[in-house]
Amino acid sequence: ALPICYTVRNMSYLRRKDFQRETRNLLTEYSDSSTIHGVKYLGGPRRRLPERLWWLLAIAASFYACGALIINIYRKWSTDPVIVSFSQTPTPLWKIPFPSVTICPLNKVRQSIFNFTDVLTRLQDDPKSNITDEDVQQLRALSLICYSYNLVHLKNVSGFWSNSTEEYCYRLMAQVVLTEEALFDMFTWKGSSNKTYLSSIVTEEGLCFVFNMMTNARIFRDDVVYFQQPNSNMASLKSIDWTPEKGYPINASLDSFPFRFVNGGTGNSLEIALTTNPTDYDFLCEGPFQGYNILINTPVEVPSINGGYIRVPSNQETLIMLKPHMIRTSDKLRAYEPSGRQCYYEAERYLRYFRVYTQLNCEMECVTNYTLTKCGCIAFHLPRLPGIEICGPAKYQCYRDAVEDLNNIAVDGVKGLEADEETPNCNCLPSCTYLTYDSEISYGDVSFKGHYRSNTYFASGTKENVSYAYIALFFKEDQFISLVRGELFGKTDFVANCGGLLGLFMGVSLLSIVEIFYFCTMRLLYRLKENREIFTDHVHCT
């Protein structure tokens, strides 16, 4: 019988052998045609092993150096993407408001109204002395603003060691301090003598008077309580919703509130003459200091002595030359995290008490929240919600300890240390549109009494027992150079830097990466497909 023969195609064997052979051939082809430096020396039929090892080490070293530098660039891009530079054009004064100016007389308690020294001395000598309950209540409230003394020895005095009620505390501070009419002998804004722009507020120093500060409705949220008594005439002002980030509307008139100047110099200044009766000082309350504290802030911030002040002495002329310091932020940085750009946009950080985010407002809110948690009450000068008690003498030391705790946490944060679980980290970064007012101060001797004796034009006339102080605040120049916070390394810069390093060390371009992808996919698949069409047949007969 004839043998039966059949053909067998060993496909699995062919596929494995073909793939290995084609891979080697493909690597040889790639090394011969690659645009990456040094790769062509790894292949080639006439290259010896030492040569190939030499070039392999050279390529590996270049790859390592290139990778290390790219990692450094990425770290710089991700951790420090911001650069602060000078603006290319100056900013005119009419684009920013005149600062809010707060005047706090150091004569916080007029001895003719309440003799703080007499009441305190009598209580120290004999806690059971014949002192009325009203005297004790007044001493308790005024001890919050008077010179720091240890009043623990009075804790056994009935009614003293407790918290003060809100209404009584503010009413008493307004009674014992100098009235607006008695304190301001002159108040001139843009050449017009007008005291109707002044409001009464409360700071750590007691009752103060402020000019060009926005009203509570513009600064605080609706349910927040904060003591401010604006002048009734301020309701007629053309008030706008100014913030450092939004600025003035284009169609806002130059007499809009908050007020602003168009030009600088002494001809465009706020002039104030203050008077105090030295015989009415209560030195046990004020301490050895005399004069006034001046606070400079933006109109949307609440003044605070802790934020710094200018001391104005009596019987001297004080010239305060203002120079705005402003930092704006490029819109390109909105995509970055606040920790990366180190600032907050106004709508980015919500504050419970304040409508507008600023670093000073954030810090004040943090103190308020932590004091309430730690002490169960809030200091009299801080904003709060209705029904919250004011810290009296019994808790005022607790308030100071709370402020010290937050200061320590801020220092630990700079050092990179972790905060205590019970003490919050305020994380009050600056505003992305940051505005402050630097000042240059000069003092000079002045004799108001001699001037008033020879000039009967002034309504106040000659007051022999009064100390005078003259203050003038004005911008030093008509325009200023602001700073701009912008991108140091954007995505385009990062890609360009990486491309430069890859080109320097490896000769790699974008097409080189496309070339690698091409050889690993399309070129390899097409070569395998061509070889699968040719099969080796094995004939078997039975």
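Residues numbered from 1 in each chain as written. Predicted model: local features only at pLDDT ≥ 70, side-chain atom pairs only at ≥ 80, totals over all residues. Heavy atoms only, no water.

Per an unreviewed UniProt entry, the chain is named Putative gonad-specific amiloride-sensitive sodium channel 1, and its organism is Nyssomyia neivai. If you open the UniProt record of the chain and go to Sequence similarities (unreviewed entry), you find "Belongs to the amiloride-sensitive sodium channel (TC 1.A.6) family." (UniProt positions renumbered as here; feature names shortened; annotations may be inferred.)

Participant: Can you break down a nonpolar patch on the surface residue by residue, with the values?
Facilitator: Judged by side-chain polarity, Leu510, Leu511, Ile513 and Val514 come together as a nonpolar surface patch covering roughly 440 Å² of accessible area. With respect to the secondary-structure elements, Leu511 resides in helix H14 (residues 510-532). (Patch = residues over 30% accessible without salt bridge, like charges linked within 9 Å, V, L, I, M, F, W, Y side chains within 5 Å. Areas by Shrake-Rupley, 256 points an atom, 1.4 Å probe, with all protein chains shown as cover. Salt bridge = Lys/Arg side-chain N within 4 Å of Asp/Glu carboxyl O. Helix = DSSP H or I, 4+ residues; strand = E, 2+ residues; numbered from the N terminus.)

Participant: How would you sum up the UniProt feature "transmembrane region" (unreviewed entry) in the chain? Please name residues and give values.
Facilitator: Residues annotated in UniProt with the feature "transmembrane region" (unreviewed entry) correspond here to residues 53-74 and 501-526. Split by type, residues 53-74 is 100% helix and 0% strand. Its first and last C-alpha atoms lie 31 Å apart. Structurally, residues 501-526 is divided into 85% helix and 0% strand, and its ends, taken at the C-alpha atoms, are 34 Å apart.

Participant: Talk me through the state of the cysteines; I want residue IDs and the actual numbers.
Facilitator: This structure, assessed with the given rule, holds seven disulfides. Between the sulfur atoms of Cys146 and its disulfide partner Cys285 the distance amounts to 2.0 Å. What sets the handedness of the Cys146 and Cys285 disulfide is the S-S torsion sign, and at about -85° it is left-handed. Note that Cys146 is positioned in the loop between helix H4 (133-142) and helix H5 (166-176) and Cys285 in helix H8 (residues 283-286), a separation of 139 residues in sequence. Not engaged in a disulfide, the cysteine Cys498 finds its nearest cysteine sulfur in Cys66; these two sulfurs lie 8.0 Å apart. (Disulfide = S-S within 2.5 Å.)

Participant: Describe in detail the packing of aromatic side chains, supporting the description with residues and values.
Facilitator: Summed over the entire model, instances satisfying the criterion amount to 22 aromatic pairs. Seen from their ring centres, Phe220 and Phe354 are 5.2 Å apart, and the 35° between their planes marks the pair as tilted. Highlighted residues: Phe220 in the loop between helix H7 (216-219) and strand S9 (228-229) and Phe354 in the loop between helix H9 (338-341) and helix H10 (359-375), separated in sequence by 134 residues. The class of Phe220 is buried, set by a relative accessible area of 2%. For Phe354, a relative accessible area of 0% gives the class buried. Every member of this aromatic cluster is reached through a ring pair, and the members are Phe98, Phe184, Phe187, Trp189, Tyr197, Phe209, Phe211, Phe257, Phe259, Phe261, Tyr437 and Phe475. One residue, Arg260, lies across the ring of Tyr248, its end atom 3.9 Å from the ring centre. The ring of Tyr345 has Arg334 lying over it, and the distance from NZ or CZ to the ring centre is 3.9 Å. (Phe/Tyr/Trp six-rings, centres within 6.5 Å; stacked < 30°, edge-to-face > 60°. Buried < 20%, exposed > 50% of the residue type's maximum accessible area, 1.4 Å probe, protein only. Lys NZ or Arg CZ within 6 Å of the ring centre and 35° of its normal.)

Participant: Help me get a handle on the sheet that holds strand S11 (residues 292-297), residues and values and all.
Facilitator: Sheet architecture is open: six strands sit in the order S9-S7-S8-S4-S11-S12, paired in antiparallel fashion. Looking along the sheet, the strands with just one partner apiece sit at the ends: S9 and strand S12 (310-312). Alignment of strand S4 (residues 100-105) against S11, held across six bridges, turns out to be antiparallel. What sits directly across from Ser100, in S11, is Asn297. (Pairing = 2+ DSSP bridges.)

Participant: Help me get a handle on the environment of Ile320, residues and values and all.
Facilitator: By secondary structure assignment, the location of Ile320 is in strand S13 (residues 316-329). Judged by its relative accessible area of 0%, Ile320 is buried. Separated by 119 residues in sequence, Ile320 and Ser439 place their C-alpha atoms 6.2 Å apart. Those residues in contact with Ile320, other than ones at most four positions away along the chain, are Ile310, Ser439, Glu440, Ile471, Ala472, Leu473 and Phe474. (Contact = heavy atoms within 4.5 Å.)

Participant: Outline the side chain of Thr188, supporting the account with residue identities and numerical values.
Facilitator: If you trace the backbone, Thr188 turns up in strand S5 (residues 184-189). Ignoring any residue separated from it by four or fewer positions in sequence, one finds Thr188 in contact with Ser193, Ser269, Leu270 and Glu271.

Participant: How would you explain the pairing of strand S10 (residues 269-276) if you had to name every residue and give the values?
Facilitator: Within S10, seven of the eight residues are buried, leaving the element largely enclosed by the surrounding structure. Alignment of S10 against strand S15 (residues 467-475), held across eight bridges, turns out to be antiparallel. Residue pairing for S15: Thr275 is matched across the bridge by Tyr468.

Participant: Tell me what's going on with the packing of helix H2 (residues 49-79) against helix H13 (residues 491-505), and back it up with residues and numbers.
Facilitator: Two numbers describe how H2 lies on H13: the axes approach to 9 Å, and their chain directions differ by 165°. The angle between H2 and H13 falls in the class roughly antiparallel. Crossing angle aside, the handedness with which H2 passes H13 is right-handed. Judged by residue contacts, Ser62, Ala65, Cys66, Leu69, Ile70, Ile73, Tyr74 and Trp77 of H2 engage Lys491, Phe494, Asn497, Cys498, Leu501, Leu502 and Phe505 from H13. Considered class by class, the residues forming the contact of H2 with H13 number twelve nonpolar, two polar and one charged. (Axes fitted to C-alpha atoms, helices over the stretch in contact; angles between N-to-C directions. Parallel < 35°, antiparallel > 145°, perpendicular 65-115°, else oblique. Left-handed = near helix turned anticlockwise from the far one by under 90°. Nonpolar A, V, L, I, M, F, W, Y, C, P; charged D, E, K, R; others polar.)

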